[in-house]
Structure formats: C-alpha cells, structure tokens
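Chains, contacts and geometry: an overview
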Amino acid sequence: MSSSQVLEIVCAHSPDSDDAFMFYAMATKKVRSRTLNFRHVLEDIESLNQKATTGLYELTAISYHAYPYVADKYVLLSSGSSVGDGYGPLVVSTKCMSPDELKGKRIAIPGTMTTAFLTLKLFEPDFEQVVVPFDKILEAVKNHEVDAGLIIHEGQLTYGHGGLHNVIDLGKWFKNQYNLPLPLGANALRRDLSPEVQAECSRVMRESIQYSLDHREEALNYAMQFARDLDPALADQFVGMYVNRHTVDGEEIVPRAAQKLLDLGFEAGLIPHKTTVEVLP
C-alpha cells in the first residue's frame, strides 16, 4: 500500500454504551490514522458472532465463546476486551430461587454463541434454552414466557426495576471457581490483513480506549445515546464495569482466562474442537 492510499476498515461492534465508549475516539476522529479509514457498523453481538464465521468484517467485536468458530479467519486484539472481574451476566427470575433450581428450567438466552450462554452451560448443563433478542429477555421473564432469563448488557443493572430477582451472577461464580476474571467479548482482526495494517488497527484501538478513559466525561456523553434505559449515573457504572484495566491491554491474565473458559467448554463437549487463544502482540 503506497503512502497516498487510504484503506477502509469496516469496524463492527455492538450499539451499547461500553462499546460506544471504547470506540468514541475512533468514531469521532479524535484518534486518527494516516493509512486507514474506519467505517463503523453497529449490530447486536450474536449477529456479529454469526457474521464473523464468514469473515465479513475486517475488525469486529465477538464473544469469546465464538472464537473457536472463527479462529481460522481472525486473531484477537490485546485491547478492547469486555471482562467481568467477579461479576458478569446474570440469570434472573420473577421469583426467588436457588441456583440449583435452574436445572430443567426454560431459560431465555441472548444467543448460543455468546459467552454468557457458554458460562451458564458450564454451571448448569441441564436446561431448556429459548433464544430471545437480548433486549427482549427481561420482558419475556416478566410475561412468564420463560422461567428465567440470561441477562447481558445494561439489563444487569436494570433488572431489579421490574421486580425481578437475581438467581446467579455467572461472573462471580467463575471467579470463585477458577480465581479468574470472566472474559466476555473481544475485538478480532481478520488474519488476511497485512502485518502493517494489523499493527495500525491495534494501535488505533488501544489509543481510542485510552483517550476515552482520559476524557471520561466527553466519552460518556457520547456513549449515553447508546445507554438503553440508563440514567447517567448507571451508564457511568456500567461503562466502568466493562471498560477497565483489562480493556486497554489484556496482558497475560485475559488470554489465560479465555483459554481456561474455552478449554472447559471443550472438555464439557460444548465446543467441538480445542482452540488456542491467539492474541496480536
């Protein structure tokens, strides 16, 4: 690529406040590249997981659970992971119940390739799954269409407004079991891009996240347009949960935690083949 050429990189991520916070500086050109132009596409995470199996987007958010199915096409970035350290997706219900009571229950899930679903299956393999769009799960639980719902995104902070009860916090369970944070989502970069393009994407992604952390108020103001049903204080709390020290650089603990998660999935027969987590340096 000559110095006069600018390559377009389609950058796909979820329309959520934490992703919007991460990508703020890229989307608003606060962080720029001389050689790359980033075009943003917003889709829910399960759609992104499915499209990653075809290698559709150059840079895309995916669930860690999806990585074994796309590892032939994508490598992970060290920056941009959403990680719950002692907290994570929740299972909620209209009534108080113990986690053991989830066995055999009809549970709404946000997609079979989400990390939340994999983690729930590791905790309780025996339940009837009902795929429901993530932003409709709380409603399905309230309407008794299911016995419980697996909640991701902002619903983790708002479920109580509708009188629902927390049955189990899967991030807390994972931490207690394995003394590791729960890696939920990652940014993945297509392998067929040149090393120079990959390095530039990695730089811009990391600098975008750091810019938002350094200019928190303006980045939060931007992210608020994607904060479904959250007031500014809750949006700030939610962003703080999933854009944290693990997000700028996963270092060694996030790949180690992701490897543990995927190994557990393989050993349980939930993932068809053993996969080595590969992260760009």
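The notes below deal with the structure included here. (Residues numbered from 1 in each chain as written. Predicted model: local features only at pLDDT ≥ 70, side-chain atom pairs only at ≥ 80, totals over all residues. Heavy atoms only, no water.)

1. Let's talk about the overall build of the protein chain
Formally: Strands here are runs of E lasting at least two residues and helices are runs of H or I lasting at least four, both read from the DSSP assignment and numbered beginning at the N terminus. For the radius of gyration, the atom set is restricted to C-alpha positions; the globular benchmark scales as 2.2 Å times the number of residues to the power 0.38. Partly exposed residues are those whose accessible area sits between 20% and 50% of the maximum for their type, while under 20% is buried and over 50% is exposed, using a 1.4 Å probe and protein chains only. Contact criterion: two residues are considered in contact whenever any of their non-hydrogen atoms come within 4.5 Å of each other. Under the convention used here, a 1.4 Å probe and the Shrake-Rupley method define accessible areas, while residue burial counts only the protein chains that appear. Positive charge is attributed to Lys and Arg, negative charge to Asp and Glu, and no charge count is given to His or to the chain ends. Charge coordinates come from a single atom per side chain, which is NZ of Lys, CZ of Arg, CG of Asp or CD of Glu.
Helix and strand content of the protein chain: 12 helices and 11 strands. Here the protein chain has a C-alpha radius of gyration of 18 Å; the compact-globule value for 281 residues is 19 Å, and the two agree. Projected onto its principal axes, the C-alpha coordinates of the protein chain cover approximately 60 × 40 × 30 Å. Here the protein chain holds 281 residues, and the buried ones make up 58% of them. Taking contacts inside the protein chain between residues at least 6 apart in sequence as the whole, the part at least 24 apart equals 76%. For the protein chain, the accessible surface area stands at approximately 11,900 Å², while carbon and sulfur atoms represent 49% of it. One finds the centroid of the 26 positive side-chain charges in the protein chain at a distance of 2 Å from the centroid of its 37 negative side-chain charges.

2. Digging into helix H7 (residues 170–178)
Our working definition: Think of the arc as the fan of directions from the helix axis to the C-beta atoms. Whenever two N or O atoms come within 3.5 Å, that pair is a polar contact, provided that in protein one can donate a hydrogen and the other can accept it, and provided that, for residues adjacent in sequence, both atoms are side-chain atoms.
Three or more residues of H7 are buried, namely Leu-170, Gly-171, Trp-173 and Phe-174. Each buried residue of H7 sits inside an arc of 160 degrees when the element is viewed along its axis, so together they form one side. In the core, the buried residues of H7 are packed alongside strand E6 (90–93), helix H4 (115–123), strand E9 (148–151), strand E10 (165–169), strand E11 (182–190) and helix H12 (253–267). Capping the start of H7, Asp-169 holds a side-chain oxygen 2.9 Å from the backbone nitrogen of Gly-171, two or three residues further along. Looking one or two residues past H7, Asn-179 carries a phi angle of roughly 55 degrees, positive in sign.

3. Topic: the packing of aromatic side chains
Note the threshold: Two rings belonging to Phe, Tyr or Trp (six-membered ring only in the last case) form a pair when the distance between their centres is within 6.5 Å. Interplanar angles under 30 degrees mark stacking, angles over 60 mark edge-to-face geometry, and anything in between is tilted.
Scanning the entire structure with this criterion turns up nine aromatic pairs. On the numbers, 5.8 Å between centres and 75 degrees between planes, the contact of Tyr-87 with Tyr-242 is edge-to-face. Placement of Tyr-87 in the loop between strand E5 (82–84) and E6 and of Tyr-242 in helix H10 (residues 232–242) is noted, with a sequence separation of 155 residues between them. Using a relative accessible area of 23% as the deciding quantity, one classes Tyr-87 as partly exposed. One aromatic cluster in this structure is built from Tyr-24, Tyr-211, Tyr-222 and Phe-226.

4. Here's the deal with empty space enclosed by the protein
Here is the rule we go by: Using only the protein atoms, space was sampled on a 1 Å grid; points where a 1.4 Å probe fits but cannot get out form cavities, open sets with protein on both sides within 12 Å along at least five of seven lines form pockets, and lining residues are those with an atom within 4 Å of a point. Grid points are joined across faces, edges and corners, and a volume is the space filled by probe spheres set on the points. The classification used treats Ala, Val, Leu, Ile, Met, Phe, Trp, Tyr, Cys and Pro as nonpolar, Asp, Glu, Lys and Arg as charged, and all other residues, Gly among them, as polar.
According to the stated counting rule, one finds two cavities of 30 Å³ or more in the structure shown. Looking at the largest cavity, its volume works out to about 330 Å³. Of all the secondary structure elements, the ones that give two or more residues to the lining of the largest cavity are helix H1 (17–27), strand E3 (59–63), H4, E11 and H10. When the residues that make up the lining of the largest cavity are grouped by side-chain class, the tally is 12 nonpolar, 10 polar and three charged. Here the second largest cavity is characterised by a volume of approximately 50 Å³. Together, Tyr-64, Leu-77, Ser-78, Ser-81, Gly-250, Glu-251, Val-254, Pro-255, Val-277 and Val-279 line the second largest cavity. Considering only residue class, the lining of the second largest cavity consists of six nonpolar, three polar and one charged.

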